[in-house]
Amino acid sequence: MSAGDTLVDTGRFVAAEPLLGRGVRLHDTYIVGREKIREYARAVQDFHPVHWDETAARHVGYADVVAPLTFLSLIGIQTFEMLLAEVLVDYDPSGIIQTDQILTYHRPVTVGDRLMSDSHVHSLRHAAGGDLITTKNTVFDHLGRPVLTGFTGVMARSPQASAPADSGFVDALKTVLRYDIRNRVTPPRGPADELAAPEMSGYAQRTGLPAYAVSAGMELPPRTIELTLGDLVNYAGVSGDSNPIHWSVETARLAGLDKGVVAHGMLLMGAGAGFVTSWLGDPGAVRDYSVRMTSPVYVRHDRPGIVEFAGRVKSVDTIDRTAVIAITATHDGKKIFGRAIATVQLS
């Protein structure tokens, strides 16, 4: 079963059919900058030296500093906002919550990469008063070679549903949502570049820890992070994810989040990625990384949100020289990742 198959659901309903397969493409190339990599690494609290220091990156075999594993969510949020404005136009942006993320890496991202991205509706089904939407997202370079393939699952308020009339949530959003999202405005740009269909690039697979040093059942060194309101505001600015439930206490309350604002899903996934790569050594040795998000991380003005990461080697393939890492993350005694797995290449 492929990564995509794990999220596709055949329980579609008739109203969804016109949306399936529809998508968007970024209108211009995204040029990866050194300081943006460092800025993002700071936002997800990933202080692996290859994200910060050119000499350390060259020592591992990179020409320059290399991006953290979830860096391309910066492009992903742009394409998703385009989907909202151009395809998923009947859905309320305020009622969308990320539930799943599967990432497959074709090569690492580093300074100077010129990247494009497209995204389309991969599956859609009705459930629990909302719609479960999965998008397939592809990032590729200026020659059409794939860099990353991702599947993003979200729960969205269906076009037929609406927020409770007395909640005040929708009215509050009108005062705090970014203008372009609130009014579904897309920047005026020329037509997207016509690029060849992505093909496998043949990029050499990088390797991390030696195979003899890794065995099934091995525990990764645990890691604990603290997230303050300042961390959430910083990530919102760096990533472009301006949903106010991550920084506006009043909006979060109106949305039913009485314990405070909640941390971004991709911020937590990025911190989890750094937890794995700090043990592995080389971020480029991660083949794929997937997380199912089950519980929020609350952050209050008077105390940070504490997240504890742990992991173990679930299995080792001695022929392919790969290992599967199972990751757990907890907050206030609850698991925030229902299922989190990374497959890594060993040397």
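Basis of the calculations
Residues numbered from 1 in each chain as written. Predicted model: local features only at pLDDT ≥ 70, side-chain atom pairs only at ≥ 80, totals over all residues. Heavy atoms only, no water. Helix = DSSP H or I, 4+ residues; strand = E, 2+ residues; numbered from the N terminus. Buried < 20%, exposed > 50% of the residue type's maximum accessible area, 1.4 Å probe, protein only. Contact = heavy atoms within 4.5 Å. Areas by Shrake-Rupley, 256 points an atom, 1.4 Å probe, with all protein chains shown as cover. Salt bridge = Lys/Arg side-chain N within 4 Å of Asp/Glu carboxyl O. Axes fitted to C-alpha atoms, helices over the stretch in contact; angles between N-to-C directions. Parallel < 35°, antiparallel > 145°, perpendicular 65-115°, else oblique. Left-handed = near helix turned anticlockwise from the far one by under 90°. Nonpolar A, V, L, I, M, F, W, Y, C, P; charged D, E, K, R; others polar. Polar contact = N/O pair within 3.5 Å; in protein donor to acceptor, adjacent residues only side chain to side chain. Phe/Tyr/Trp six-rings, centres within 6.5 Å; stacked < 30°, edge-to-face > 60°.

### So, the overall build of the chain
Item 1. If you tally the helices and strands in the chain, you get eight helices and 14 strands.
Item 2. Out of the 347 residues in the chain, the part that is buried amounts to 50%.
Item 3. Within the chain, contacts between residues at least 6 apart in sequence are counted, and of these 75% link residues at least 24 apart.
Item 4. In the structure as shown, the chain presents an accessible area of about 15800 Å², 53% of it carried by carbon and sulfur atoms.

### Some words on the pattern of salt bridges
Item 1. Under the definition given, this model contains 12 salt bridges.
Item 2. As a salt-bridge pair, R300 and D302 come within 2.8 Å of each other at their nearest N and O atoms.
Item 3. Through salt bridges with shared partners, a single ionic network connects R34, E54, R58 and D64.

### Section: the packing of helix α1 (residues 34-43) against helix α6 (residues 229-239)
When two helices pack together, you describe them by how their axes are tilted relative to each other and by the distance separating the axes.
Item 1. Where α1 contacts α6, the axes come no closer than 9 Å and their chain directions differ by 150°. Our classification of the angle between α1 and α6 gives roughly antiparallel. Handedness of the crossing formed by α1 with α6: left-handed. On α6, the residues that touch K36, E39, Y40 and A43 of α1 are N234, Y235 and V238.
Item 2. Within the contact of α1 with α6, the residues separate by chemical class into four nonpolar, one polar and two charged.

### Quick notes on the side chain of T277
Item 1. Inspection of the secondary structure assignment puts T277 in helix α8 (residues 265-280).
Item 2. Engagement of the side chain of T277 in a polar contact is seen with the backbone oxygen of G274, the distance being 3.5 Å.
Item 3. Sequence-distant contacts of T277, defined by excluding residues within four places in its chain, comprise D46, H48, L69, D282, P283 and V286.

### Section: the packing of aromatic side chains
One pair of aromatic rings is described through two measures. These are the centre distance and the angle between the planes.
Item 1. For the coordinates displayed, the defined rule picks out six aromatic pairs.
Item 2. Both rings, one in Y30 and one in F71, keep their centres 6.4 Å apart while their planes meet at 70°; by these two values the pair is edge-to-face. Of this pair, Y30 sits in strand β2 (residues 30-31) while F71 sits in the loop between α2 (54-60) and α3 (73-86); the two residues are 41 residues apart in sequence, bridging distant segments of the chain.
Item 3. The exposure class of F71 is buried, given its relative accessible area of 1%.

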